[in-house]
Amino acid sequence: MTAPRLARRRAPRPPLVLVVLAGTGVVFVTLPLVALVQRAPWRQLGSLLVRPGVVDALWLSMVTAGAATGVSLVLGVPLAWVLARVEFSGRRVVRALVTLPMVLPPVVAGVALLFAFGRRGLVGQWLDTPLGILLPFSTTGVVVAQTFVAMPFLVVTVEAGLRGADRRYEDAAATLGASRWTTFRRLTVPMLAPAIAAGALLCWARALGEFGATITFAGNLQGRTRTLPLAVFAALEGDREAAIALSLVLVVISLVVLLALRDRWWAPR
Amino acid sequence: MRRLAAVGLVAVLAGGCGTDAAGGTTVTITVFAAASLTDAFGELGQAFSAEHPGVRVRFNVGPSPVLATQVLEGAPGDVLASADPSATSRVAAAGATLDTPAVFARNSMEIAVPAGNPGRVAGLADFARSDLLVGACAEEVPCGRLARRLLADAAVAPAIDTEEADVRSLLTRIEAGELDAGLVYRSDVLAAAGRVEGIDVPGADQALATYEIVALDGSAAPGLARAFVALVGSGVGQRILADHGFLPR
């Protein structure tokens, strides 16, 4: 217990250069947000946020981001487990591929999704004519676009959690005769709950902010595919006050999510 | 790496001026143009550079209301050419123009369908069919307003599947076959000839888009900005616009 106190007492002043540069960084990132807040139509905010178009967008965003997070949990947690616990050749390539959407420009993701699931796409042409399933221009298409872009955030977070977790518990369970599936279900998942929750929250926030892939793949129609970010984009052309109000909603939600994560994502223990 | 960064910085600072390969000074003027003007203005830009050696024309293409907002927020530009007189008036009213905006072209609407017309679209009435995927521009842009007016005049309640921010993104979706039909400008059907087919709409000549152009107050080269505006209104400019399917002012 004495070590930290000693360290604190002896901590030298941080170099001025670093402090100035760090401060500039903070100002650079915060300034646009301050500008947004400064332009906000505070008086009309209440009435702007209950307009039909705004309510539709809010509701649609909540539903689609929630569904995308659900799909990501179902597919992403096993994926993270495989990447962390199973040795196989090409694992690094698979990991790179599944995390690619994190760095890919979302509009590229949207075009790629169209080529895959569009009416004339690789898989889409079979979904369309025989099955009558059309993903583009549908709410399901929005969920597909959001899942594609947001799932990697969950995979990366859960995999980091798995790597940080003590494997001896799993080994002990195996020694006691538990199958790998039972161990995964009864031990690994509960043990990983904080990492899974953090990953899901991050995934949900990313899905909520998704714009490029959604507008490219799913189009833009109020009540069906126009989520919050698309509504901001649509409102920018006509109703700027509404656009700013919607932007504020997105900023507040994102900030709350990041505060809720409390450093969990970027400081995995 | 450092040299690369320095060159980049100089390029950014220099803005509109630079040196061409031959060592002569080049000037760049920036024209904010409505999405539907993309191809016609590309050709007009080349004609302008041919008339003014050393002058390069670059374009900022987008939905007219967005362009107006960009100008009003201080985006550096020399000329504004919009498909929406209300957008141009908004800029003029704020005192951000050098002159009074002038009408330079008009455009009529057509139904565009992918080559081969897979949805067997015959007219506006097909926009009510729920088995088809149909699109229109957003109501905020002129092509969206005109499309809705035509549909309302034909007493069609459309089952629209997507509202695109500008006419070119709508056209792209029709070209790709993702949509069975959409209402675009005649000039757009011409620009995508071979990939889309146009179907005439009754009453289209009663619902025309009006294009206005004006030199901007923030221009660093007002002489060149006005010269570009003059070219667009000249015989040469009008011929290029007519070749691209635009109607005379």
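Definitions and cut-offs
- Residues numbered from 1 in each chain as written.
- Chains lettered and ligands numbered in written order.
- Predicted model: local features only at pLDDT ≥ 70, side-chain atom pairs only at ≥ 80, totals over all residues.
- Heavy atoms only, no water.
- Helix = DSSP H or I, 4+ residues; strand = E, 2+ residues; numbered from the N terminus.
- Rg over C-alpha atoms; globule rule 2.2 N^0.38 Å.
- Buried < 20%, exposed > 50% of the residue type's maximum accessible area, 1.4 Å probe, protein only.
- Areas by Shrake-Rupley, 256 points an atom, 1.4 Å probe, with all protein chains shown as cover.
- Lys, Arg positive; Asp, Glu negative; His and termini not counted.
- Charge placed at Lys NZ, Arg CZ, Asp CG, Glu CD.
- Contact = heavy atoms within 4.5 Å.
- Buried area = accessible area lost by both parts, 1.4 Å probe.
- Salt bridge = Lys/Arg side-chain N within 4 Å of Asp/Glu carboxyl O.
- Nonpolar A, V, L, I, M, F, W, Y, C, P; charged D, E, K, R; others polar.
- Pairing = 2+ DSSP bridges.
- Right-handed = clockwise from strand over helix to strand, strands pointing away.
- Axes fitted to C-alpha atoms, helices over the stretch in contact; angles between N-to-C directions.
- Domains from an automatic or database assignment.
- Polar contact = N/O pair within 3.5 Å; in protein donor to acceptor, adjacent residues only side chain to side chain.
- Patch = residues over 30% accessible without salt bridge, like charges linked within 9 Å, V, L, I, M, F, W, Y side chains within 5 Å.
- Expected span 1.5 Å × (residues − 1).
- Bend = angle between axes of the 7 residues up to and from the residue.
- Disulfide = S-S within 2.5 Å.

## What about the overall build of chain B?
- The number of helices and strands found in chain B is nine helices and 11 strands.
- A compact globule built from 249 residues would reach a C-alpha radius of gyration of about 18 Å, and chain B, at 20 Å, matches this within 12%.
- Within chain B, the fraction of its 249 residues that count as buried is 51%.
- A total accessible area of about 10600 Å² is found for chain B, and carbon and sulfur atoms account for 56% of it.
- Side chains of chain B carry 18 positive and 28 negative charges; the gap between the two charge centres is 6 Å.

## A closer look at the interface of chain A and chain B
- Taken together, the 20 residues of chain A in the interface contact 23 residues of chain B.
- Taken as a group, Arg119, Phe137 and Glu237 of chain A account for 41% of the area that chain A buries against chain B, more than any other trio of residues on that side.
- The tally of links between chain A and chain B comes to five salt bridges.
- Among the secondary structure elements, those contributing two or more residues to the side of chain A that touches chain B are helix H12 (212-218) and helix H13 (228-238) of chain A.
- Here the side of chain A that touches chain B takes four residues from H13 of chain A, the largest share from any one element.
- Grouping the constituent residues of the side of chain A that touches chain B by class yields eight nonpolar, five polar and seven charged.

## Quick look at unusual backbone geometry
- The phi angle at Phe137 of chain A is positive, at roughly 65°, despite the residue not being glycine.
- By the secondary structure assignment, Phe137 of chain A is in the loop between helix H7 (124-128) and helix H8 (139-164).
- For Asn117 of chain B, which is not glycine, the phi torsion reads 45° and is therefore positive.
- Positionally, Asn117 of chain B belongs in the loop between strand S6 (109-114) and strand S7 (134-137).

## What about the pairing of strand S8 (residues 160-164) of chain B?
Residues and elements named next belong to chain B.
- S8 sits mainly inside the fold: five of its five residues count as buried.
- Sheet topology places S7 next to S8; four bridges connect them, and they run parallel. Looking at the pairing, Val134 lines up with Ile160 of S8.
- As for the winding sense of the linkage, the β-α-β connection from S7 through helix H5 (residues 142-153) to S8 is right-handed.

## A closer look at the pattern of salt bridges
- Within this structure, the stated rule accounts for 21 salt bridges over all chains.
- The closest approach of N and O atoms between Asp131 of chain B and Arg129 of chain B, which form a salt bridge, is 3.2 Å.
- Linked by salt bridges that have partners in common, Arg226 of chain A together with Glu139, Arg148 and Glu163 of chain B make up one network.

## Digging into the sheet that holds S6 of chain B
Residue and element names in this part refer to chain B.
- Overall, mixed pairing links the five strands, which are arranged S8-S7-S9-S6-S10 in an open sheet. Across the chains shown, the open sheet's two edge strands, defined by having one partner strand only, are S8 and strand S10 (196-199). The average undirected angle you get between the axes of adjacent strands in this sheet is 35°.
- Across two bridges, the pairing between S7 and strand S9 (residues 181-185) is parallel. Among the inter-strand pairings, Val134 is bridged to a residue of S9, identified as Ala181.

## Considering the domain arrangement of chain B
Residues and elements named next belong to chain B.
- Domain assignment breaks chain B into domain 1 (2-106 + 210-243) and domain 2 (109-206).
- Linking domain 1 to domain 2 there are two salt bridges.
- For Arg168, the salt bridge identified is with Asp39, shortest N-O distance 2.7 Å.
- For the interface between domain 1 and domain 2, the tally reads two residue pairs in polar contact (both at pLDDT 80 or more).
- Taken together, the residues of the side of domain 1 that touches domain 2 sort by class into five nonpolar, four polar and three charged.

## Re a nonpolar patch on the surface
Residues and elements named next belong to chain A.
- Among the surface-exposed residues, Val93, Leu97, Leu100 and Val103 lie close enough to one another that they form a single nonpolar patch of about 400 Å² accessible area.
- One can find Leu100 in helix H5 (residues 91-103).
- Residue Leu100 is classed as partly exposed on the basis of its relative accessible area of 39%.

## Topic: the side chain of Ser138 of chain A
Residues and elements named next belong to chain A.
- By the element assignment, Ser138 lies in the loop between H7 and H8.
- Judged by its relative accessible area of 14%, Ser138 is buried.
- Within polar-contact distance, the side chain of Ser138 engages the backbone oxygen of Leu134 at 3.4 Å.
- Polar side-chain contacts of Ser138 include one of 2.5 Å to the backbone oxygen of Leu135.
- Not counting residues up to four positions away in its chain, the partners in contact with Ser138 are Ala218, Arg224 and Thr225.

## Structural notes on H5 of chain A
Residue and element names in this part refer to chain A.
- Over its 13 residues, H5 runs 19 Å from end to end, which matches the ideal 18 Å to within 8%, given 1.5 Å per residue.
- The largest bend in H5 is about 30°, located at Leu97, with the proline Pro101 one to four residues further on.
- For H5, every residue scored as buried is listed here: Arg91, Thr99 and Pro101.
- Packed against the buried residues of H5 are helix H4 (52-85) and H8.

## Overview of the state of the cysteines
All names here are of chain B.
- Using the criterion set out here, one finds one disulfide over all chains in the structure.
- With its sulfur 1.9 Å from that of its partner, Cys137 forms a disulfide with Cys143. Every disulfide takes its handedness from the sign of the S-S torsion; for Cys137 and Cys143 that torsion is -105°, giving left-handed. Across the pair, exposure class does not vary: Cys137 and Cys143 are buried alike.

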